[in-house]
Amino acid sequence: MQNLKMLEMLNKGQIEELKIILQDEIYATSLKGNPNAKKRYAAMKRYLKTISDSRPILTKPCEIEFEGEKYNSFTNSYSLALTKESCGELAMCDEPERYPNVSRLIGRSRDVEKVDFNKVLAKAKSEGYKYTKTAIYSNDYLMKYNGLYFRMALVDITFSILNDGNEIDVYFTGKNRPITIENDLGIGIILPIRGDGEYIEGATIIEA
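Thresholds, definitions, all that
Residues numbered from 1 in each chain as written. Predicted model: local features only at pLDDT ≥ 70, side-chain atom pairs only at ≥ 80, totals over all residues. Heavy atoms only, no water. Helix = DSSP H or I, 4+ residues; strand = E, 2+ residues; numbered from the N terminus. Rg over C-alpha atoms; globule rule 2.2 N^0.38 Å. Contact = heavy atoms within 4.5 Å. Areas by Shrake-Rupley, 256 points an atom, 1.4 Å probe, with all protein chains shown as cover. Lys, Arg positive; Asp, Glu negative; His and termini not counted. Charge placed at Lys NZ, Arg CZ, Asp CG, Glu CD. Phe/Tyr/Trp six-rings, centres within 6.5 Å; stacked < 30°, edge-to-face > 60°. Buried < 20%, exposed > 50% of the residue type's maximum accessible area, 1.4 Å probe, protein only. Lys NZ or Arg CZ within 6 Å of the ring centre and 35° of its normal. Arc of directions from axis to C-beta. Polar contact = N/O pair within 3.5 Å; in protein donor to acceptor, adjacent residues only side chain to side chain. Core = buried A, V, L, I, M, F, W, Y, C linked by side-chain atoms within 4.5 Å. Pairing = 2+ DSSP bridges. Axes fitted to C-alpha atoms, helices over the stretch in contact; angles between N-to-C directions.

**Q** Where do I start with the overall build of the protein in this structure?
**A** Check the secondary structure of the protein and you find five helices and ten strands. For a compact globule of 208 residues, the expected C-alpha radius of gyration is about 17 Å, and the protein comes in at 18 Å, within 12% of that figure. The principal-axis extent of the C-alpha atoms belonging to the protein is close to 55 × 40 × 35 Å. Excluding contacts between residues fewer than 6 apart, the proportion of contacts in the protein whose partners are at least 24 apart in sequence is 65%. Working note: accessible area of the protein is about 11600 Å², and carbon and sulfur atoms make up 47% of it. If you average the places of the 29 positive and of the 30 negative side-chain charges in the protein, the two averages end up 3 Å apart.

**Q** Whenever I open this one, the packing of aromatic side chains confuses me. Can you help?
**A** To describe a pair of aromatic rings, you give the distance between the ring centres and the angle between the ring planes. Evaluated as defined, the whole model comprises six aromatic pairs. Ring centres of phenylalanine 66 and tyrosine 71 lie 6.4 Å apart, and the angle between their planes is 55°; this geometry places the pair in the tilted category. Each member of the pair phenylalanine 66 and tyrosine 71 is classed as buried. Seen in terms of ring centroids, phenylalanine 117 and phenylalanine 159 are 5.4 Å apart; in terms of plane orientation they differ by 70°. Their pairing is edge-to-face. Here phenylalanine 159 lies in helix α5 (residues 152-162) and phenylalanine 117 lies in helix α4 (residues 117-126), a separation of 42 residues in the sequence. Each member of the pair, phenylalanine 117 as well as phenylalanine 159, is classed as buried. Of note, arginine 46 hangs over the ring of tyrosine 131, and the distance from its end group to the ring centre comes to 4.5 Å.

**Q** Would you mind showing me how to read α4 here?
**A** Since the α-helix turns once every 3.6 residues, residues separated by three or four places project in the same direction. Those residues of α4 lying buried are Phe117, Val120, Leu121 and Ala124. One side of α4 carries all its buried residues, which in axial view fall inside an arc of 95°. In this structure, α4 carries Lys119 and Ser126 as exposed residues pointing more than 90 degrees from its buried face. For α4, the N-terminal cap is aspartate 116; the gap from its side-chain oxygen to the backbone nitrogen of asparagine 118 is 3.1 Å.

**Q** Looking at this model, I keep getting lost on the environment of valine 112. Mind explaining?
**A** Secondary-structure assignment places valine 112 in strand β4 (residues 111-115). On the basis of relative accessibility, which here comes to 44%, the residue valine 112 falls in the partly exposed class. Separated by 61 residues in sequence, valine 112 and threonine 173 place their C-alpha atoms 9.0 Å apart. Setting aside residues up to four positions removed in sequence, valine 112 forms contacts with Asp169, Val170 and Tyr171.

**Q** Help me understand the nonpolar core, please; the structure alone is not making it clear to me.
**A** Nonpolar side chains tend to gather and get buried jointly when the protein is soluble and globular. If you look at the biggest cluster of nonpolar residues, it comprises 51 residues, and the most contacted ones within it are Phe74, Phe117 and Met143. With eight residues, α5 is the single largest residue contributor to this core. In this view, methionine 143 contacts Phe117, Val120, Leu148, Tyr149, Phe150, Met152, Val155, Ile179, Ile206 and Ala208; residues no more than four positions away in its chain are not counted. With five residues, the next largest nonpolar core counts Leu142, Tyr149, Ile193 and Ala203 among its residues.

**Q** Please clarify how the sheet that holds strand β6 (residues 148-151) should be interpreted in this entry.
**A** Reading across from one edge, β6-β5-β10 is the order of the three strands in this open sheet, with mixed pairing throughout. Of all strands in the sheet, those with a lone pairing partner are β6 and β10 (204-207), marking the two edges. Averaged over all adjacent pairs, the angle separating strand axes in this sheet is 35°, with direction ignored. Inspection of the sheet shows strand β5 (residues 141-145) paired to β6 by four bridges, in the antiparallel sense. Each bridged residue has a counterpart across the sheet, and for lysine 144 the counterpart in β6 is tyrosine 149. Along the sheet, α4 contacts β5 and β10; its crossing angle with β10, the most-contacted strand, is approximately 155°. Across the face of the sheet, α5 comes into contact with β5, β6 and β10 while running at roughly 65° to β6.

Limitation: the analysis is restricted to geometry and does not speak to function.
Set out below in structure tokens:
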């Protein structure tokens, strides 16, 4: 943070707000020795920005338990990311009893294969894809997997929280069903768009 901005906040008496910003910057700096972890922490913050204030319970990550392990949960109703990593200085959900039972969405009973989502995203970017907050509602760029279509921005924000630089396990749970992705860091769920035809007309399709 620039000194002028800090001074401006101090003059306005925004002590607590300044403290939160500085704590976050200190935590991010501590991750510099692990660039992938730093990117994943940035991805957590980016994901939270996609969540509407109309669902305040989702605007903060929530600690949940799944199959005997602790995860921090992020969901925006279109995808889900469960990570074992710390959320750093992010404010956590203080009403976990009201948080939705997201673990029921996880499906791992069907075929699984390794997919390199980093290559998928690199290909999408070479075709003109650029992440924006509203892109999670857009069909302009789609990933095609097993005959299903997924919004590239949803793939981007969900996978980025779990991205360790390697291929990731992808579970195909059936036609018109979400895919489940998983690695040592956690689990993700991504919902497909419904149908095809007019829904994909004019879209840039990236095969996975």
